[in-house]
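# Chain and residue survey
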Amino acid sequence: MKNMYKHVIVGIDGSDQADKAFQKAIRIARESDATLYIVSALQFVSDSDFMYTTMDVGITPLVTDSSDASYQALDARKELANDLAEQASRAGVAKAVVIVDFDDPKQLLIDTVDKHEDAVIVLGATTKKTFERFMVGSVAQHVVNNAPCDVLIVK
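Below: a short report on this structure. (Residues numbered from 1 in each chain as written. Predicted model: local features only at pLDDT ≥ 70, side-chain atom pairs only at ≥ 80, totals over all residues. Heavy atoms only, no water.)

## A look at the nonpolar core
Here is the rule: Residues belong to one nonpolar core when they are buried, are Ala, Val, Leu, Ile, Met, Phe, Trp, Tyr or Cys, and are joined through side-chain atoms within 4.5 Å. When a residue's accessible area, from a 1.4 Å probe over protein chains only, is under 20% of the maximum for its type it is buried; when over 50% it is exposed; and in between it is partly exposed. Strands here are runs of E lasting at least two residues and helices are runs of H or I lasting at least four, both read from the DSSP assignment and numbered beginning at the N terminus. The contact definition used throughout considers only heavy atoms, calling two residues in contact when any of these lie within 4.5 Å.
Ranked by internal contacts, the top residues of the largest apolar core, which has 25 residues, are V8, V10, I12, F22, L36, I38 and V122. Where this core is concerned, the elements lending two or more residues are strand 1 (7-11), helix 1 (16-32), strand 2 (35-44), helix 2 (67-90) and strand 6 (119-124). L36 has contacts with V8, V10, F22, A25, I26, A29, A88, V93, K95, A96 and V97, leaving out every residue within four places of it along the chain. In this structure, Y37, V139, A147 and C149 belong to the second largest nonpolar core, which totals 16 residues.

In structure tokens:
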């Protein structure tokens, strides 16, 4: 698989499914000598008193009585992503880039891949129930249908 991909983009959210995807992304990045992009987004749902994190797991509400709570959640996600970048480095990945922001996770993944040729996106399989998928949509489904590159869904 050497040099099959130059960029491996993995979506993370702290779930077991995302961890499985991350482990697979490490192997692909190491074998391809590719840059690993660890991507995560915290999304606000409009007209709501809650902030929701959505990647490929069920909805996790985080009360946002103050902006401090929102930024604490963002800081926690950045810390997770940075820990994963260190883990990737110890596993032999030459370069890991962390991208964590307030954004739509679907769009952040697509925007990241749009900046890089010879890329693959690695995501965990969804565990959402039908109603949750209807309400927030499946990130994996959106990425599979809209990404201009290969997408690997890890179960």
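## Description of the side chain of T112
Heads up, the rule is: Polar contact criterion, stated in full: a pair of N or O atoms within 3.5 Å, where within protein one must be able to donate a hydrogen and the other to accept it, and residues adjacent in sequence count only if both atoms are side-chain atoms.
With respect to the secondary-structure elements, T112 resides in helix 3 (residues 105-114). Residue classification places T112 among the buried positions, given a relative accessible area of 5%. At 2.7 Å, the side chain of T112 forms a polar contact with the backbone oxygen of L108. Setting aside residues up to four positions removed in sequence, T112 forms contacts with I9, Y37, V39 and I99.

## Notes on helix 1
Each turn of an α-helix holds 3.6 residues, which means side chains three or four residues apart point in the same direction. The following threshold applies: Expected helix span is taken as 1.5 Å per residue step, with the number of steps being one fewer than the number of residues.
Between its terminal C-alpha atoms helix 1 stretches 24 Å, which fits the 24 Å expected from 17 residues at 1.5 Å a residue. Along helix 1, the positions that sit buried rather than exposed are A18, A21, F22, A25, I26, I28, A29 and S32. Trailing helix 1 by a residue or two, D33 shows a phi angle of about 55 degrees, which is positive.

## Considering the packing of helix 3 against helix 5 (residues 139-146)
This is how it is decided: Lines are fitted to the C-alpha atoms to define the axes, a helix being fitted only along its stretch in contact, and any angle between axes, read from their N-to-C directions, falls within 0 to 180 degrees. Should the near helix be turned anticlockwise from the far one by less than a right angle, the crossing is left-handed, and should it be turned clockwise, the crossing is right-handed. Each residue is assigned to one class: nonpolar for Ala, Val, Leu, Ile, Met, Phe, Trp, Tyr, Cys and Pro, charged for Asp, Glu, Lys and Arg, and polar for all the others, Gly among them.
At their nearest, the axes of helix 3 and helix 5 sit 9 Å apart, and the two run at 35 degrees to each other. The interaxial crossing formed by helix 3 with helix 5 has right-handed handedness. Across the interface between the two elements, P105, K106, L109 and I110 of helix 3 pack against V139, H142, V143 and N146 of helix 5. A per-class count over the contact of helix 3 with helix 5 returns 5 nonpolar, 2 polar and 1 charged.

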